[in-house]
Amino acid sequence: MQTDVEFCWCVEKACWSAWPVATQREIDGWLCRSSGGTTRRANSVNATPRAGAVRDVIPGADAYFEKRGGSPALFRLLSFQPAFAHALSARGYRPEGATHTLLADLVEVEAQTSSASRPSVGLVSGPVSGSVSGLQLEPAPSPAWLADKQELSSQSEAEAEIFRAMLADITHPACFARKVADNRGRSLAYGVYVAPFLVIEAVVAREEDRNKGFAGELVAALMAWGRAEGAQHACLQVMAENEPAIALYRRLGFGVTLYDYQYWRKP
């Protein structure tokens, strides 16, 4: 499997498309992405392949975020950008939020998975809609999906509104998965097909329902949907400290840690 820097940039751009922001501005090859709220990924400075020196972007990036009522710029650096990390460290910035970007080869996963064990919904191209054994797949987030997301992620009303607006800005084919048992939403996730990648986002389960297989069922269903759409690879990003989730994703076929990232904040 190709894992060079160009491929990593393709994955990174697909992830941006699956989590769009309200506004963005490029400064000397650095993309300032802003949506308001507290989500770091949607309110950070991200290098592009054209990124210039750190010292040249800091003043403009700080001004960009301070103008929007925020604190000075939060930088998000990929692990194949060590020079930028060294430059920020020398200026007093400190890292936080280490995250892995995992990759699965959907062609290999499909070949290794027997037809009897594949999810039986969402396996056709185009819009999806279905429910089997409490597993619901829809092309857009339903009110129930959004309500469960707000509850399971403990979103404030303001944060929930920002998240809903972000979902509305997704322009690629998407699939929203929800597991229902005993008339309650138990687990959620969504996937976005940004050819040739399926990007899986927002995987969450109720506290009492963790380790019951619900999240794995949703992710497997999204992988099947993405493969039916034509995706060759699936990618997702998971906090490095979340060992149970990483173990689950490994079992589902996410055998490659493509790259990591960290946020850099000036105290």
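Here the focus is unusual backbone geometry. Of note, the amide linkage connecting A195 to P196 takes the cis form, showing an omega dihedral of 5°. Considering the arrangement of structural elements, one finds P196 in the loop between β9 (184-194) and β10 (197-205). Even without being glycine, A202 reaches a positive phi, approximately 55°. Relative to the assigned elements, A202 resides in strand β10.

Attention now goes to the pairing of strand β1 (residues 23-27). As defined by bridge partners, β1 adjoins strand β2 (residues 30-34) across five bridges and the pair is classed as antiparallel. Note on β2: the bridge partner recorded for R25 is C32. Connecting the antiparallel pair β1 and β2 is a turn made up of two residues, with D28 showing a positive phi of about 50°.

Buried within helix α8 (residues 243-251) are the following residues: A245, I246, L248 and Y249. Within α8, the buried residues cover an arc of 160° as seen down the axis, which keeps them to one side. Opposite the buried face of α8, by more than 90 degrees, sit the exposed residues E243, P244 and R251. Directly after α8, the chain includes G253, whose backbone phi takes a positive value near 115°.

Here is what the cut-offs are and how they apply
- Residues numbered from 1 in each chain as written.
- Predicted model: local features only at pLDDT ≥ 70, side-chain atom pairs only at ≥ 80, totals over all residues.
- Heavy atoms only, no water.
- Helix = DSSP H or I, 4+ residues; strand = E, 2+ residues; numbered from the N terminus.
- Pairing = 2+ DSSP bridges.
- Buried < 20%, exposed > 50% of the residue type's maximum accessible area, 1.4 Å probe, protein only.
- Arc of directions from axis to C-beta.

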